[in-house]
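Listed here are the chains, written in short residue letters.
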Protein chains: 2
Amino acid sequence: MDIFPAQKLSCTIEALYATPNKQFVTEAVDALDLTFAGIEGDRHGGLTRKSGGREPWYKRGTEMRNERHLTIVSFQELQEVADEMGLAEIKPEWIGGNMVLSGLPNLSYLPASTLIFFEGGVTLKIDYMNGPCTVSGASIAKFAGVADPIKTKLDFPKVAKRKRGTLAWVEKPGRIEVGEKARVQIPEQWIYSGTPA
Amino acid sequence: MDIFPAQKLSCTIEALYATPNKQFVTEAVDALDLTFAGIEGDRHGGLTRKSGGREPWYKRGTEMRNERHLTIVSFQELQEVADEMGLAEIKPEWIGGNMVLSGLPNLSYLPASTLIFFEGGVTLKIDYMNGPCTVSGASIAKFAGVADPIKTKLDFPKVAKRKRGTLAWVEKPGRIEVGEKARVQIPEQWIYSGTPA
């Protein structure tokens, strides 16, 4: 995949957000304490979770392993989406973001099983790119104060496709802080160009 | 990735194996009961596990999320390895296999986050291809009764690279049985050929 310059990359935590009140919208914080169940007290915490619209193959509410502890986004990708939607900006907290990482081109494309080793000792593992939904679109419409909120709500899932960041779970718990650096390790399968015999 | 004929494939459970005595070698069974912690009573069970040689970036014994509940192998790939090593066969139980799936070309290459939906209701999610090690090599040497066990032990990690199957965890628990069929869903990112703007 030529969209990744190398198997090993580096990045920095630009911002962190939590949802202490269990609402969809997040609030900026200086640090997050992560356990094997995700962010302490977060609406997306838990070793398991209930399935929803993203898992159309299950009856809604089916108990399943929770692979989406954190929502990671990129300021650059969100700005590209905002530009295309005619908005000044899209703030990560409007769409439930938990972390902004800088230094990674095409953050949303980080392959499943990519490991992010934070210098403080925490490891996150990528599940898969996040799908933009109308809940986020409606939240953007509200906070941006647009003239046609229905249009903004419906535009977001289309415009933000493959630019809405990615989902990760906690492989190794601990505290992460704004400004912390991390090493990123993309699975060899994405770099290895050989094919089976 | 042209090694996958389509995003949606199907497969069948040819065999299942458990390790009731917590040894490395497994034993054939008719069914396996899976929980969010993996195979009931298995040596690889648990919501978390201790890191080992496959995670050289951690101090050995570091507590981490357990993403390797089951070892899945393919009779075809194992036969290719056996042929190249001059052996009549390599049995899945010799190398700690838990499941044999048929119908999937290049099983070891199933991408991370691939979902396997069994018709009985269980879902497994692929973590990543398994790396062949000398523990497996030594076990093969012992069971195959080779003339030069050291050579077999050291050959296996080289010859079986990218043919030693894959690791998966339980996304949705329940019972799986020999002969059961499953649908396989490869992440869209491996099929989608577009690149970011």
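From a predicted model like this one, the values you see are computed outputs, not experimental measurements. The numbering scheme is per chain: residues are counted from 1 as the chain's sequence reads. Chains carry letters and ligands carry numbers; both start at the beginning, A for chains and 1 for ligands, and go up in the order they are written. Totals for whole chains, interfaces and linings use every residue, but because this is a predicted model, local features are given only for residues with pLDDT of at least 70 and side-chain atom pairs only at 80 or more, for both listing and counting. In computing side-chain values, all of the structure's heavy atoms are included and hydrogens and water are not.

K.L.:
Describe the overall build of chain A, naming the residues involved and giving the relevant values.
P.N.:
The helix count covers DSSP runs of H or I at least four residues long, the strand count covers runs of E at least two residues long, and both are numbered beginning at the N terminus. Secondary structure summary: chain A contains four helices and 13 strands in total. Relative to the 2.2 N^0.38 estimate, which gives 16 Å for 197 residues, the radius of gyration of chain A is 17 Å and therefore close to what a compact globule would have. The buried label applies to any residue whose accessible area, calculated with a 1.4 Å probe on protein chains only, is under 20% of its type's maximum; exposed applies above 50%, and partly exposed to all values in between. Looking at chain A as a whole, 54% of its 197 residues are labelled buried. Every accessible area reported is derived by Shrake-Rupley at a probe size of 1.4 Å, with residue values counting cover from the shown protein chains alone. In the form shown here, chain A has an accessible surface area of approximately 8,400 Å², with 51% of it arising from carbon and sulfur atoms. Considering chain A, the positive charge centre built from 24 side chains and the negative charge centre built from 24 side chains are found 7 Å apart. Radius of gyration means the value over C-alpha atoms here, while the globule rule gives 2.2 Å times the residue count to the 0.38 power. Within this scheme the basic residues Lys and Arg register as positive and the acidic residues Asp and Glu register as negative, but His and the chain ends are omitted. Working definition for charges: the position is that of NZ of Lys, CZ of Arg, CG of Asp or CD of Glu.

K.L.:
Please give an account of empty space enclosed by the protein that cites residues and values.
P.N.:
Only protein atoms enter the calculation, which uses a 1 Å grid: trapped sets of points that fit a 1.4 Å probe without letting it out are cavities, open sets showing protein on both sides within 12 Å along at least five of seven lines are pockets, and any residue with an atom within 4 Å of a point is a lining residue. Grid points are joined across faces, edges and corners, and a volume is the space filled by probe spheres set on the points. Applying the stated criterion to the full structure yields one cavity of 30 Å³ or more. Roughly 60 Å³ of volume is contained in the largest cavity. In this structure, the largest cavity is lined by F36, L47, T48 and R65 of chain A together with F36, L47, T48 and R65 of chain B. Each residue is assigned to one class: nonpolar for Ala, Val, Leu, Ile, Met, Phe, Trp, Tyr, Cys and Pro, charged for Asp, Glu, Lys and Arg, and polar for all the others, Gly among them. For the lining of the largest cavity, the residue count by class is four nonpolar, two polar and two charged.

K.L.:
Describe the sheet that holds strand β3 (residues 31-35) of chain B, with residues and values.
P.N.:
Residue and element names in this part refer to chain B. A pair of strands is labelled paired if DSSP reports no fewer than 2 bridges between them. Read across the sheet, three strands follow the order β4-β3-β12 without closing on themselves; strand pairing throughout is antiparallel. Looking along the sheet, the strands with just one partner apiece sit at the ends: β4 (38-39) and β12 (174-177). Bridge analysis of β3 against β4 gives two bridges, and the strand direction is antiparallel. Its bridge partner being in β4, T35 is matched across the sheet by G38.

K.L.:
Which residues make up the pairing of strand β9 (residues 115-118) of chain B, and what are the values?
P.N.:
All names here are of chain B. Covered by surrounding structure in β9 are L115 and F117 together with I116 and F118, the residues of both alternating faces. Bridge count between β9 and strand β10 (residues 123-129): three bridges; the pairing is antiparallel. From the neighbouring strand, F117 faces β10, where its bridge partner is T123. Connecting the antiparallel pair β9 and β10 is a turn made up of four residues, with G121 showing a positive phi of about 115°. Taken together, the four bridges between β9 and strand β13 (residues 181-185) define a ladder with antiparallel strand orientation. Its bridge partner lying in β13, F117 is registered against R183.

K.L.:
Describe the relation of the copies chain A and chain B, listing the residues and the values that go with them.
P.N.:
We place the copies in one frame by least squares, fitting the C-alpha atoms of every residue whose pLDDT is at least 70 in both. For the match of chain A to chain B, the screw axis carries a shift of 0.0 Å, the RMSD comes to 0.0 Å, and the turn is 180°. Read as a symmetry element, the transformation amounts to a two-fold axis. Nearest to the rotation axis, the C-alpha of A112 of chain A is located 2.7 Å from it, this being the minimum over chain A. For this analysis, residues touch if any pair of their heavy atoms sits within 4.5 Å. Interface residue correspondence from chain A to chain B reaches 100%, placing this contact among same-surface, isologous pairings.

K.L.:
Just give me the short version of the packing of helix α2 (residues 134-144) of chain A against helix α3 (residues 149-159) of chain A, but keep the residues and values in it.
P.N.:
Residue and element names in this part refer to chain A. Note on definitions: angles span 0 to 180 degrees between N-to-C directions of axes, and those axes are lines fitted to C-alpha atoms, for helices only across the stretch in contact. Closest axis-to-axis distance for the α2/α3 pair is 7 Å, and the angle between their directions is 140°. Considering the angle they form, α2 stands oblique to α3. The handedness of the crossing between α2 and α3 comes out as right-handed. Contacts between α2 and α3 pair T134, S136, G137, A138, I140 and A141 from the former with P149, T152, K153, L154, F156 and P157 from the latter. Of the residues in the contact of α2 with α3, the class split is seven nonpolar, four polar and one charged. For classification purposes, angles smaller than 35 degrees are called roughly parallel, those larger than 145 roughly antiparallel, those between 65 and 115 roughly perpendicular, and all remaining angles oblique. In this scheme, a crossing is called left-handed if the near helix is turned counterclockwise away from the far one by less than a right angle; it is called right-handed if the turn is clockwise.

K.L.:
Before we move on, can you summarise the pattern of salt bridges with the specific residues and values?
P.N.:
For salt bridges, the criterion is a side-chain nitrogen of Lys or Arg within 4 Å of an Asp or Glu carboxyl oxygen. On inspection of all chains with the given rule, the structure shows 18 salt bridges over all chains. The residue R49 of chain A makes a salt bridge to E55 of chain A at a minimum N-O spacing of 2.7 Å. Across the salt bridge formed by E67 of chain A and R49 of chain A, the nearest N and O atoms sit 3.0 Å from each other. Residue E67 of chain A is found in the loop between β6 (63-65) and β7 (70-73), and its partner R49 of chain A is found in strand β5 (residues 48-50); the two are separated by 18 residues along the sequence. Pair check on accessibility: E67 of chain A and R49 of chain A agree, each one buried. Salt bridges sharing common partners tie together R49, E55, E67 and D127 of chain A together with K125 of chain B.

K.L.:
Requested: an account of helix α1 (residues 75-85) of chain B, with residues and values cited.
P.N.:
The periodicity of an α-helix, 3.6 residues per turn, causes residues three or four positions apart to be oriented the same way. Residues and elements named next belong to chain B. For α1, every residue scored as buried is listed here: E77, L78, V81, A82 and M85. The arc that holds every buried residue of α1, seen down its axis, measures 140°, which confines them to one face. Facing away from the buried side of α1, by more than 90 degrees, are the exposed residues Q76, D83 and E84. Its buried side turned inward, α1 meets β7 (70-73) and α3 (149-159). Each polar contact in these results corresponds to two N or O atoms within 3.5 Å; when the atoms are within protein, one needs to be able to donate a hydrogen and the other to accept it, and residues that are neighboring in sequence are counted only if both atoms are side-chain atoms. Structurally, the start of α1 carries an N-cap: the backbone nitrogen of Q76 is 3.2 Å from a side-chain oxygen of S74. Of the residues trailing α1, G86 is marked for its positive phi of about 75°. The arc under discussion is defined with respect to the helix axis, by the directions toward the C-beta atoms.

K.L.:
An account of the confidence of the model for chain A is needed here, citing residue identities and associated values.
P.N.:
Per-residue confidence for chain A gives a mean pLDDT of 93, with 94% of residues at or over 70. With a pTM of 0.93, the predicted complex shows an ipTM of 0.91. The pLDDT value tells you how sure the predictor is about a given residue, anywhere from 0 up to 100.

K.L.:
Report on the pairing of strand β1 (residues 8-18) of chain B, specifying residues and quantitative values.
P.N.:
Residue and element names in this part refer to chain B. Among the 11 residues that make up β1, eight are buried, leaving the element largely enclosed by the rest of the structure. Bridge count between β1 and β13: five bridges; the pairing is antiparallel. Residue pairing in the sheet places S10 in a bridge with R183 of β13. Examined bridge by bridge, β1 and strand β8 (residues 99-102) share four bridges and lie antiparallel to one another. The residue bridging T12 from the neighbouring strand is S102, located in β8.

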